[in-house]
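# Commentary on secondary and tertiary structure
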Amino acid sequence: MTANLEHWSFGVARDYLQTVVVIDDELVLGRRTEDANAPDEGESIVEADPYAVVAAPENPQPALTAATSSVSYTAPLAESASPALAGGLDGAALSDAFAHYGLVCGYVRPETDAQLQALVDGSLDRLFIRSDVLVLDWSFNGDLGGTTTRLIRRLLRPQEGRLGRLRLICVYTNEPDLFGIRDVIARELTAEGHVLEESENGEGSGLFTKDFRISVLGKPGVSRTAPLQAAEVDAVDLPQRIVLEFAQASHGILSGFALKSLSVLRDNAPMLLQRFHRDLDPAFVSHDLLTGEGRRFALQLLAREVQSLLESTGAGDIISRGNIEEWVKGRLESPSFVPRIQKKAALKEISPASVLDLLSKERIDLTVLRDTAGNQVGMNRVASIASLFTEPEEARSSEEELGRISSFARDLHSGYDGSEEPTLQLGTILIRVDGAIDREAAIDILEELKSGSLDHSFWVCLQPLCDSEHIEESSRGFPMMPLSEVQVGKEFSFLARDHHSKSRALAGGAKPHEMKMVTFSPTGGEKVIRATKKDGLPRFASDDGVDWLWVGELRAEQALRVSHEMARMISRVGLDESEWLRENGVNK
């Protein structure tokens, strides 16, 4: 990352961050009373490996039973034994430092086994997932990292929950071997199925994935090896370091734009509330009662107001040519990376200097690109130049994911879990599976789809939105248009991901006679056709006993484009006329 881009990312992160929660049993918030049971000066608190995650004891105490780790191993010890904690964390100084950065800081000081158990059991989860950053001590009551690892593991467990706003966890500790702590956390999370990489900041004391970042930072006053001294942070400097760590976790162009936009929405929330004041309620209730479309209308109003707010406040200005140039320079800094571009069936290696020359032009001119030998590549028009900035496979994956986001409003993999299943409407993409409704386990459908042994086809619903709701009759027909599956590289309409996350390139272009009118019946007293979930798979069951597995919903403009193409084909006019007149010329 270039210095300019790092400064930009730091500013975006600082604008976005609002709340930090610090959990430390040595936190000093006021005058500290002497503990009669505290060890004498020089007395060792524990004589055990400070990085081992403690296995379940044979006869655990009731208060700690549920919190006991199921994994037991020992991390490498530093040559010198870990010293006893010399003093507590100064909460007052920390509060002042966070306040200077405009951050609200909350404290939790667990002092008993019951309070530690409550942390692990999730009693404060609502606090954690509504916070931007969580700062944890490593060892609580001499538990050798047991509480911290269990809490991190549960908060980040994919099959259980959501991170909420939480995207950064900092372990802030007196222990000397920060690498040892990092390795313990890495092994725990790897066992949970996370794919982790080491921190990009060059210190190697942190871990990150696409969804979150864990940084291991050291409290000062402890003897550490030279590589770890850069990870030492004084309490008063902790807020600045947290902002920097958060910026490192989200320094991309689009992620920075998203953070900036969310910051704008947070700062302008009062304005949005003023726009939707209670004096509008009589008119809105009237609209809802007369049309039955109140919910959708309200969502559209809010979405348009949010877009108007972001446009008027210049949230998109962060995507400037200057920032993009800095991003590209950062990508080209790696000496091991060679830009490439696809020319016909071959990949041409491109000189990084010519890529920088490309950026210097007011309008993109591909003719300035040179290969590594200095020869002109000779390209005028391409669909993508993403491989100039990353490896070809990663470039293709990036293009496909951006294509899916621009095509679908929601799909199987969007991650927007909610209480309501999708409804059948214009733009719904489906997989038709004959006879699947009688199967006992929906997972069998997926395995057969994966192996190709099950007959299936992709379809898109073309029912106008106004006919997809307020269904008064016992059943209603829905027009379905088949979609052709093609290889990427051929002409296609949009990309989808199936239930195995496999990319599917789907093309329209079906003839009117290939459409089907499929009848569905509302259930549960609703006036829409709502999907039901079986083994986690949303599906619609048509009246003829066929399963239609839900894949996603196209964005409104994409759905209208498909329906417009079909309407254009239906509206074609065929005349009985002379061939000469039809071809409009002799021997054309």
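Residues numbered from 1 in each chain as written. Predicted model: local features only at pLDDT ≥ 70, side-chain atom pairs only at ≥ 80, totals over all residues. Heavy atoms only, no water.

Here the focus is the pairing of strand S13 (residues 428-433). Burial within S13 is extensive, with six of its six residues counted as buried. Along S13, one buried face is formed by Thr428, Leu430 and Arg432 and the opposite face, lined by Ile429, Ile431 and Val433, is buried too. Pairing of S13 with strand S21 (residues 547-554), which is carried by six bridges, proceeds in the antiparallel orientation. Bridged to Ile429 within S21 is Gly552. The pairing of S13 with strand S14 (residues 456-461) spans five bridges and is antiparallel. Across the sheet, the residue bridging to Val433 is His456, located in S14. (Buried < 20%, exposed > 50% of the residue type's maximum accessible area, 1.4 Å probe, protein only. Helix = DSSP H or I, 4+ residues; strand = E, 2+ residues; numbered from the N terminus. Pairing = 2+ DSSP bridges.)

Position of Cys170 relative to the elements: it lies in strand S6 (residues 168-173). With a relative accessible area of 1%, Cys170 lands in the buried category. Considering only alpha carbons, one finds Cys170 and Glu245, 75 residues apart in sequence, at a separation of 8.9 Å. In this structure, Cys170 is in contact with Leu134, Val135, Leu136, Ser215, Leu217 and Ile242, ignoring residues within four places of it in sequence. (Contact = heavy atoms within 4.5 Å.)

This brings us to the packing of aromatic side chains. Counted according to the given criterion, the structure contains six aromatic pairs. On the basis of an interplanar angle of 85° and a centroid distance of 6.3 Å, the ring pair of Phe408 and Phe494 is categorised as edge-to-face. Of this pair, Phe408 sits in strand S12 (residues 408-411) while Phe494 is found in strand S16 (residues 494-497), placing the two residues 86 residues apart along the sequence. Taken as a pair, Phe408 and Phe494 share a single burial class, namely buried. Relative to Trp548, the ring of Trp459 has its centre 5.9 Å away and its plane inclined at 75°; by these criteria the two rings are edge-to-face. You can see Trp459 sitting in strand S14 and its partner Trp548 sitting in strand S21, a full 89 residues away along the chain. (Phe/Tyr/Trp six-rings, centres within 6.5 Å; stacked < 30°, edge-to-face > 60°.)

In the predicted model, the protein carries a mean pLDDT of 81, and the fraction of residues at 70 or more is 82%. Looking over the protein, one finds the lowest element-wise mean pLDDT in helix H16 (residues 442-451), namely 57, and the highest in strand S18 (residues 516-520), namely 95. When the criterion is pLDDT under 50, residues 31-86 qualifies, and its contacts beyond four places in sequence or with other chains add up to 81 contacts. Low confidence marks residues 436-442, where pLDDT is under 50. Its contacts with residues over four positions away, or in another chain, come to 15 contacts. (pLDDT = per-residue confidence, 0-100.)

Turning to the nonpolar core, a few remarks are in order. Ranked by internal contacts, the top residues of the largest apolar core, which has 32 residues, are Val135 and Ile242. Looking at this core, the elements that each hand over two or more residues are helix H1 (3-16), strand S1 (19-23), helix H2 (91-100), strand S5 (133-136), S6, helix H8 (238-249) and helix H9 (253-267). If you tally residues by element for this core, the top one is H1, at six residues. If near-sequence neighbours (up to four positions away) are discounted, Ile242 is found in contact with Val20, Phe98, Val133, Val135, Leu168 and Cys170. If you look at the next biggest cluster of nonpolar residues, it comprises 30 residues, including Ile23, Leu136, Val171 and Ala186. (Core = buried A, V, L, I, M, F, W, Y, C linked by side-chain atoms within 4.5 Å.)

Right, let's get into the sheet that holds strand S4 (residues 104-108). Pairing is mixed in the open sheet, where seven strands are placed in the order S4-S1-S5-S6-S9-S8-S7. Of all strands in the sheet, those bounded by a partner on one side alone are S4 and strand S7 (197-198). Bridge count between S5 and S6: four bridges; the pairing is parallel. When the bridges of S6 are listed, Val133 appears paired with Leu168. Sheet strands touched by helix H5 (residues 146-155): S1, S5, S6 and strand S9 (213-218). Its angle to S5, the strand with the most contacts, is close to 160°. Docked against the sheet, H8 engages S1, S5, S6 and S9, running at close to 150° with respect to S9. (Axes fitted to C-alpha atoms, helices over the stretch in contact; angles between N-to-C directions.)

Right, let's talk about the packing of H1 against helix H13 (residues 321-332) for a bit. One way to put it is that H1 packs onto H13 with a least axis distance of 8 Å and a crossing angle of 120°. Considering their axes alone, H1 and H13 lie oblique with respect to each other. Considering only the axes of H1 and H13, their crossing is left-handed. Contact residues: Asn4, Leu5 and Trp8 in H1; Asn323, Glu326 and Trp327 in H13. Of the residues assigned to the contact of H1 with H13, the class counts are three nonpolar, two polar and one charged. (Parallel < 35°, antiparallel > 145°, perpendicular 65-115°, else oblique. Left-handed = near helix turned anticlockwise from the far one by under 90°. Nonpolar A, V, L, I, M, F, W, Y, C, P; charged D, E, K, R; others polar.)

Further remarks concern a nonpolar patch on the surface. A cluster of nonpolar residues, Leu254, Ile319, Ile324 and Leu402, forms a patch on the protein surface that exposes about 340 Å² of accessible area. Here Ile324 falls in the partly exposed class, since its relative accessible area comes to 31%. (Patch = residues over 30% accessible without salt bridge, like charges linked within 9 Å, V, L, I, M, F, W, Y side chains within 5 Å. Areas by Shrake-Rupley, 256 points an atom, 1.4 Å probe, with all protein chains shown as cover. Salt bridge = Lys/Arg side-chain N within 4 Å of Asp/Glu carboxyl O.)

Take the pattern of salt bridges next. Proximity of charged atoms lets side chains of opposite charge pair with each other. Overall, the coordinates contain 28 salt bridges when judged by the stated rule. Between Glu111 and Arg109 there is a salt bridge whose closest N-O contact spans 3.3 Å. The class for Glu111 is partly exposed, based on a relative accessible area of 48%. Exposure remark for Arg109: the relative accessible area of 36% places this residue in the partly exposed category. Arg275 is the partner of Glu305 in a salt bridge, and the nearest nitrogen-oxygen pair spans 2.8 Å. Note that Glu305 is positioned in helix H12 (residues 294-312) and Arg275 in helix H10 (residues 269-275), a separation of 30 residues in sequence. A network of salt bridges, in which partner residues are shared, links Arg153, Glu188 and Glu192.

Further remarks concern the pairing of strand S20 (residues 537-541). Taken across its five residues, S20 has four buried, putting it largely inside the fold. Here three bridges tie S20 to S21, and the two strands are oriented antiparallel to one another. Across the sheet, residue Ala541 finds its bridge partner in S21, namely Asp547. Between the antiparallel neighbours S20 and S21 lie five residues, among them Gly545 with a positive phi of about 80°.

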